[in-house]
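# Results of the structural survey
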Amino acid sequence: MMLARLMQTEGVWLFSRNPAAILAAIVTIVVVAGAVLAPWIAPTNPYDLSSFSLIDGLLPPLWEQGGDPRFLLGTDDQGRDMLSSILYGARLSLIIASVAMGIALVLGVSLGLAAGFFGGRLDAIVMRVADVQLALPAILTALLIDGISRGILPREVHDDLRLAVITLAIALSLWVNFARTARASTFVERNKDYVQAAIMMGQHPLRIMLRHILPNIVGPLLVIATVDLASAILLEATLSFLGVGLPADSPSLGTLIRIGMQYLLSGEWWILWMPTVFLVVLVVSINLLGDFLRDLFNPSLR
Amino acid sequence: MVGFILKRLVQSVFVMLAVAFLAFSLFRFVGDPVSQMTGVETSLEDQARLREELGLNDPFALQFIRFAGDLVQGDFGYSFRTREPIGEMLLTRLPATLELGTVALLISLAVGIPAGIYTALRPRGLVSQSILIGTLIGVSIPTFVIGILLIFLFGVQLGWLPTYGRGDTVEIGWWRTSLLSVDGLRSLVLPALTLGLFQLTLTMRLVRAQMMEVMRTDHIRFAIARGVPWRRIRYRHALPNTMIPVVTIIGLQFGGVIAFSIVTESVFQWPGMGLLFLESIRFVDIPVMSVYLVVIAFFFVFINLLVDLIYLAIDPRLRVRESA
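Residues numbered from 1 in each chain as written. Chains lettered and ligands numbered in written order. Predicted model: local features only at pLDDT ≥ 70, side-chain atom pairs only at ≥ 80, totals over all residues. Heavy atoms only, no water.

## With respect to the overall build of chain A
To keep it simple, the criterion reads: What counts as a helix is a DSSP run of H or I of at least four residues, what counts as a strand is a run of E of at least two, and both are numbered from the N terminus. Type-normalised accessible area, obtained with a 1.4 Å probe on protein chains alone, sets the label of each residue: buried when under 20%, exposed when over 50%, and partly exposed for intermediate values. Contacts are residue-level and defined by heavy atoms, with any inter-residue pair within 4.5 Å sufficient. Under the convention used here, a 1.4 Å probe and the Shrake-Rupley method define accessible areas, while residue burial counts only the protein chains that appear.
From N to C terminus, chain A includes 13 helices and zero strands. Helices and strands in chain A line up, N terminus first, as α-α-α-α-α-α-α-α-α-α-α-α-α. Taken over 302 residues, chain A has a buried fraction of 49%. Of the contacts made within chain A by residues no fewer than 6 positions apart, 69% connect residues no fewer than 24 positions apart. Of the roughly 14,600 Å² that chain A leaves accessible, carbon and sulfur atoms contribute 67%.

Pasting the structure below:
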């Protein structure tokens, strides 16, 4: 019943007529499923030193001359299966990006809602901070946070907390989009009759914000969330590529690409290009979905 | 008008003071300078004496004023890691980053503006559609991957261009330029393209949106109704109004150019300020980090001030409003 009603909505109808969006959705689902299920479907465990051996080092992908049926996408210099490394790497990248996006979402939407609802001094403060944050490019913010944390924390502690530091750094450079969008939409909703009525009835502001306004501004926030997920993945990859992200023993997609750079000049192209292509295809798909959602929630652009 | 300029100047000074304060807090509280400078063998008395000599026991406000005063006089202190004066380190690396950033910005404007205008005027054409899909992919490919792709294509496969460093440089005073030698120019091509491509998509999208907006305004509709030829409408009526925000774009893109120059310099081992900043993070070289922050903020404030002044010069409406 629910499904039948869902199938009749405008969104599904538009979606079924948009081949790019369908393709993007399929690719995204396959990649995310592959990453989430990595521990169960990956041929080997790249973190388990006993599962690979140097004898299998630098084998090309299956379809190339000298490929080994055990290693679909070839192996790196240690004999690690590339497919497994990529799946585990994508898993790590997606975990960091989703958590960072989630933190940015909660932080940004709460601040934006409150700023838009109460206005006045709170609004002014939040928006000034947002302006400053916006002037600082995300990469610079993330690098600075990483640098500061290295200075404050002792080396061993920092190595343990690297995952948390990089996630927080990404989250702090992405919250502004959410805050600005939530604030702008809240401003519009606040003056509508249903909100005014709720205020008259003496409902608690928190209840009005969360139960009345939030459901009505979810559309644009969903678009931002999608686009920001792609940005978060790129940001994590860039930081890891620069070598300030994750340590080499738990490689994300960006780390894999950094390691692969050493093979740019040699014949072992798959070590570099497999994770690179994987990353680009993933981000392009998510961005295509974001574009589709933007058109869906903004009918004037159609 | 003088009042407006003065107001902006005062604002800029306040922004710089805020950044300097941030940099000072970073310098003062993140990692103790004394423990960074001394080894394990240094006795407590020596440490205390050093602390006194460096003025670390003075009141906080006094220390900040001294810090800011030193900055204004161009005394940026010393790097923890190399013990060199930071001012000199930055000066030797500044030209590399400025040249890279300027050329990249020029590429992005020279290609992005015409492409933006074209796609705005013919939104449904095949060429426009391909350009738009191209920019979507361009936004999704991280800068470092674009760099790797260019290195692979032009450096490794075709062997046309160098992929590492600045090549031969010519010294003019303290400014070491790679613009005056063939090898230097060849070395500049790939990094500048890498940095420019990302900015290009941004420029194009902004110009396109602006052009489409201008084409919908009343004076254009009126011109159409009057029967003014299309060519004239597009290039005499619409285009000048589109070009004003382009000045803003340059201001906006500066931040992006600085941030992504860090990535580009890392891919191509381009010896600029971005690479220095990256090294200072890796080795927790706090003084270099904080000075980099101040210098970047200075450029940022300076360029935005310049943009506002240019605005005033090219947009007659602003002058009227300010004097009214």
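Back to the write-up after that little detour.
## Examining the overall build of chain B
Threshold: Charged residues are defined here as Lys and Arg on the positive side and Asp and Glu on the negative side; His and the ends of the chain fall outside this count. Here the site of a charge means atom NZ of a Lys, CZ of an Arg, CG of an Asp or CD of a Glu.
The helix and strand tally for chain B stands at 13 helices and two strands. For chain B, the C-alpha atoms occupy an extent of roughly 90 × 60 × 35 Å along the three principal directions. Here chain B, with 324 residues, has 46% of them falling under the buried criterion. Measuring between centres, the 27 positive side-chain charges of chain B sit 21 Å from its 23 negative side-chain charges.

## Quick notes on the packing of helix α13 (residues 269–297) of chain A against helix α6 (residues 126–140) of chain B
Here is the rule: Axes here mean lines fitted to C-alpha atoms, for a helix over just the part in contact, with angles spanning 0 to 180 degrees between N-to-C directions. Our angle categories are set so that under 35 degrees counts as roughly parallel, over 145 as roughly antiparallel, 65 to 115 as roughly perpendicular, and the remainder as oblique. Two helices cross in a left-handed way if the nearer one is turned anticlockwise from the farther one by less than a right angle. They cross in a right-handed way if the turn is clockwise.
The interhelical angle for the contact between α13(A) and α6(B), taken along N-to-C directions, is 125 degrees, at an axis separation of 9 Å. One element, α13(A), and the other, α6(B), form an angle in the oblique class. At the point where α13(A) passes α6(B), the crossing takes the right-handed sense. Along the contact surface, α13(A) presents A:Val283, A:Val284, A:Asn287, A:Leu288 and A:Asp291, while α6(B) presents B:Leu136, B:Val139 and B:Ser140.

## With respect to the interface of chain B and chain A
Let me state the cut-off plainly: Accessible-area loss on putting two parts together, using a 1.4 Å probe and summing over both, is the definition of buried area adopted here. One speaks of a salt bridge when a side-chain nitrogen belonging to Lys or Arg is within 4 Å of a carboxyl oxygen belonging to Asp or Glu. Side-chain atoms alone can form a polar contact between residues adjacent in sequence; in general such a contact is a pair of N or O atoms within 3.5 Å, and within protein one must be able to donate a hydrogen while the other accepts it. Three classes are used: nonpolar for Ala, Val, Leu, Ile, Met, Phe, Trp, Tyr, Cys and Pro, charged for Asp, Glu, Lys and Arg, and polar for all others, with Gly counted as polar.
Counting residues at the interface gives 32 residues for chain B, matched by 33 residues for chain A. Regarding the contact of chain B and chain A, the summed buried area is about 2,900 Å², with carbon and sulfur atoms giving 83% of it. Counting every contact that joins chain B to chain A gives zero salt bridges. Our enumeration of links across chain B and chain A arrives at one residue pair in polar contact (both at pLDDT 80 or more). Secondary structure elements with two or more residues in the side of chain B that touches chain A: α6, α7 (143–157), α10 (230–268), α11 (273–282) and α12 (286–314) of chain B. With eight residues, the single largest contributor to the side of chain B that touches chain A is α10(B). In terms of residue class, the side of chain B that touches chain A is made up of 26 nonpolar, five polar and one charged.

## Digging into the packing of aromatic side chains
Residue and element names in this part refer to chain B. The line we're drawing: We call Phe, Tyr and Trp rings a pair once their centres come within 6.5 Å, taking the six-membered ring for Trp, and we label the pair stacked below 30 degrees between planes, edge-to-face above 60, and tilted otherwise.
Inspection of the entire model under this criterion finds seven aromatic pairs over all chains. Ring geometry for Phe154 versus Trp160: centroids 6.0 Å apart, planes at 40 degrees, classification tilted. Relative accessible area serves as the criterion here: at 22%, Phe154 is assigned to the partly exposed category. Between Phe298 and Phe299 the ring centres are 6.2 Å apart and the planes differ by 65 degrees, which places this aromatic pair in the edge-to-face class. Taken together, the aromatic side chains of Phe298, Phe299 and Phe302 make up a single cluster linked through ring pairs.

## Thoughts on the environment of A:Tyr194
Residues and elements named next belong to chain A. Its location among the elements puts Tyr194 in helix α9 (residues 193–200). Sequence separation of Tyr194 and Pro215 is 21 residues, and the distance between their C-alpha atoms is 13 Å. When near neighbours in sequence (up to four residues on either side) are disregarded, Tyr194 contacts Glu189, His212, Ile213 and Asn216. For Tyr194, the side chain forms a polar contact with the side chain of Asn216, separated by 2.9 Å.

## Description of the confidence of the model for chain B
Rules: The predictor reports its confidence for every residue as pLDDT, a score running from 0 up to 100.
Scored by pLDDT, chain B has a mean of 80; 93% of the residues are at 70 or more. Predicted complex metrics record ipTM = 0.76 and pTM = 0.81.

## Concerning the pattern of salt bridges
All names here are of chain A. For the coordinates displayed, the defined rule picks out two salt bridges over all chains. Of the charged contacts in the structure, one is a salt bridge between Arg183 and Asp123, with a shortest N-O distance of 2.5 Å. Note that Arg183 is positioned in helix α8 (residues 155–190) and Asp123 in helix α6 (residues 120–135), a separation of 60 residues in sequence. Among the ionic pairs, Lys192 bridges to Glu189, the shortest N-O distance being 3.3 Å.

## A closer look at the packing of helix α5 (residues 82–118) of chain A against helix α10 (residues 205–216) of chain A
Residue and element names in this part refer to chain A. Running from amino to carboxyl end, α5 crosses α10 at an angle of 105 degrees, the nearest separation of the two axes being 11 Å. Between α5 and α10, the interaxial angle falls into the category roughly perpendicular. Each of Val109, Leu113, Ala114, Phe117 and Phe118 in α5 lies in contact with α10, whose residues at this interface are Pro205, Ile208, Met209, Leu210, Ile213 and Leu214. Partitioned by chemical class, the residues of the contact of α5 with α10 number eleven nonpolar, no polar and no charged.

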